[in-house]
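# Working through the structure, step by step
Residue-level listing of the chains:
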Amino acid sequence: MSKPILEVRNLTKKFGDFTAVDNISFDIHEGEILGLLGPNGAGKTTTIHMLLGLIAPSAGSIHMFGLDLAEHREEILQQVNFSSTYISMPFSLTVEENLKVIARLYSLQNIQQRVDAILEKLEMSDIRSKLTRKLSTGQMSRLTLAKALMTEPKILFLDEPTASLDPDIVHKIKAFLKEYQRNAGLSILYTSHNMREMEEMSNRIVFLQHGHIVAEGTADQIVQRYGQRDLEEVFLKLAREPKAQ
Ligand SMILES: Nc1ncnc2c1ncn2[C@@H]1O[C@H](COP(=O)(O)OP(=O)(O)O)[C@@H](O)[C@H]1O
Ligand SMILES: [Mg+2]
């Protein structure tokens with residue numbers, strides 16, 4: 001197998017006495033979609049914030065493209081992007097204007113062409129002149145995804161990208177991401193607490209519970225190991241276990 005594009009070793013985050021992420025290690029390979037699955041409060045967003053250099057780990061290391069994030073932050077982050085349902089964007093700009101601002105911030109070339117291409121890919125051409133404040137939730141999600149893909153990242157972090165969306169839009173976003181990932185060889189870290197979505201989207205799953213990795217592998221491997229019928233049963237079994245002291 002290829003060398004990992006992202007390597008996390010013994011990563012830990014403490015907030016005061018509370019350990020939100022507890023000594024986790026995992027890899028992501030080129031072109032792989034890794035699903036970070038876990039109930040609310042498991043430590044998924046905290047992990048992504050450390051991977052984006054937004055908060056400093058209490059212990060452990062993060063390497064991307066073979067470089068240490070602590071030492072090569074800017075170089076690494078140029079090739080990385082992020083999208084979340086909870087992201088906010090300037091509301092008084094149109095969809096197209098928002099994407100152009102991002103393109104300029106990243107000093108991208110051929111801005112109009114790129115904006116046109118991404119709008120087309122995400123089926124947003126018809127809403128390019130719509131004010132961001134007037135977008136529906138589904139349109140807003142697609143805009144944050146467009147924003148992240150504009151910079152043609154090699155690694156994309158998606159934190160609950162489909163939370164609070166209706167099933168039709170979720171289906172479209174998933175189909176789009178899978179095709180995009182196949183064509184662009186993009187590596188994705190995808191968080192969700194939706195088991196079915198994880199099974200569909202991820203090549204491999206890391207199951208996080210109270211900041212610990214409690215299971216890892218393909219959905220089938222995890223289901224077999226726990227002797228349950230499906231990932232949802234494993235999830236319920238693990239989620240109901242009290243935190244080990
Ligand atoms: N800045 C912070 N200060 C204190 N506790 C935090 C902070 N950020 C997150 N936490 C706690 O860390 C745990 C993990 O949170 P989070 O990573 O957001 O979980 P998830 O994304 O899996 O729902 C939660 O118990 C949360 O309350
Ligand atoms: Mg979260």
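Residues numbered from 1 in each chain as written. Chains lettered and ligands numbered in written order. Predicted model: local features only at pLDDT ≥ 70, side-chain atom pairs only at ≥ 80, totals over all residues. Heavy atoms only, no water.

## What about the packing of helix α4 (residues 111-121) against helix α5 (residues 137-150)?
Two numbers describe how α4 lies on α5: the axes approach to 10 Å, and their chain directions differ by 135°. When the axes of α4 and α5 are compared, the pair comes out oblique. Every pair of crossing elements has a handedness; the one defined by α4 and α5 is right-handed. Every residue of α5 that contacts α4 at Arg 114, Val 115 and Ile 118 is listed here: Ala 146, Leu 149 and Met 150. Here the residues of the contact of α4 with α5 sort into 5 nonpolar, no polar and 1 charged. (Axes fitted to C-alpha atoms, helices over the stretch in contact; angles between N-to-C directions. Helix = DSSP H or I, 4+ residues; strand = E, 2+ residues; numbered from the N terminus. Parallel < 35°, antiparallel > 145°, perpendicular 65-115°, else oblique. Left-handed = near helix turned anticlockwise from the far one by under 90°. Contact = heavy atoms within 4.5 Å. Nonpolar A, V, L, I, M, F, W, Y, C, P; charged D, E, K, R; others polar.)

## Regarding the site of ligand 1
Neighbouring ligand 1 are Phe 15, Phe 18, Ala 20, Pro 39, Asn 40, Gly 41, Ala 42, Gly 43, Lys 44, Thr 45 and Thr 46. Separating an oxygen atom of ligand 1 from a backbone N or O atom of Gly 43 is a distance of 3.0 Å. The side chain of Thr 45 places a nitrogen or oxygen atom 2.8 Å from an oxygen atom of ligand 1. In the complex, the protein chains occlude 58% of the 560 Å² of accessible area that ligand 1 would expose alone. Elements represented by at least two residues in the shell around ligand 1 include exactly β2 (18-29) and α1 (44-51). At 3 residues, the largest contribution of residues to the shell around ligand 1 is made by α1. For the shell around ligand 1, a count of residues per class yields 5 nonpolar, 5 polar and 1 charged. (Near = heavy atom within 4 Å. Polar contact = N/O pair within 3.5 Å; in protein donor to acceptor, adjacent residues only side chain to side chain. Areas by Shrake-Rupley, 256 points an atom, 1.4 Å probe, with all protein chains shown as cover.)

## Considering the sheet that holds strand β8 (residues 187-192)
Strands sit in the order β6-β7-β8-β3-β9-β10 across an open sheet of 6 strands; the sheet is mixed. Looking at strand neighbours, the two that pair on one side only are β6 (80-84) and β10 (212-217), the edges of this open sheet. Each strand of the sheet is rotated relative to its neighbour by a mean of 15°, with strand direction disregarded. Two elements, strand β9 (residues 204-209) and β10, share 5 bridges in a ladder whose sense is antiparallel. The partner of Phe 207 across the bridge, within β10, is Ala 215. Its contacts with the sheet place α5 against β6 and β7 (155-159), and it is angled at close to 180° to β6. (Pairing = 2+ DSSP bridges.)

## Considering unusual backbone geometry
A positive phi angle is found at Glu 152, which is not glycine, with a value near 45°. Looking at the element boundaries, Glu 152 is found in the loop between α5 and β7. The exposed category is assigned to Glu 152, whose relative accessible area is 53%. In this model, Glu 160 sits at a positive phi of 45°, which is unusual for a non-glycine residue. With respect to the element layout, Glu 160 can be found in the loop between β7 and α6 (167-184). Overall, the relative accessible area of 10% leaves Glu 160 in the buried class. (Buried < 20%, exposed > 50% of the residue type's maximum accessible area, 1.4 Å probe, protein only.)

## Digging into the pattern of salt bridges
Counted by the stated rule, this structure contains 12 salt bridges. The salt bridge partner of Asp 27 is Arg 9, with a shortest N-O separation of 2.9 Å. With Asp 27 in strand β2 and Arg 9 in strand β1 (residues 4-15), this pair connects stretches of sequence that are 18 residues apart. On the basis of relative accessible area, Arg 9 is assigned to the partly exposed category, the value being 31%. Taken together, the shared-partner salt bridges in this structure form one network comprising Lys 3, Glu 7, Arg 9 and Asp 27. (Salt bridge = Lys/Arg side-chain N within 4 Å of Asp/Glu carboxyl O.)

## Quick notes on the environment of Leu 67
Note on placement: Leu 67 falls in strand β5 (residues 67-68). Classification of Leu 67 as partly exposed rests on a relative accessible area of 22%. In this structure, Leu 67 is in contact with Ile 62, His 72, Glu 75 and Ile 76, ignoring residues within four places of it in sequence.

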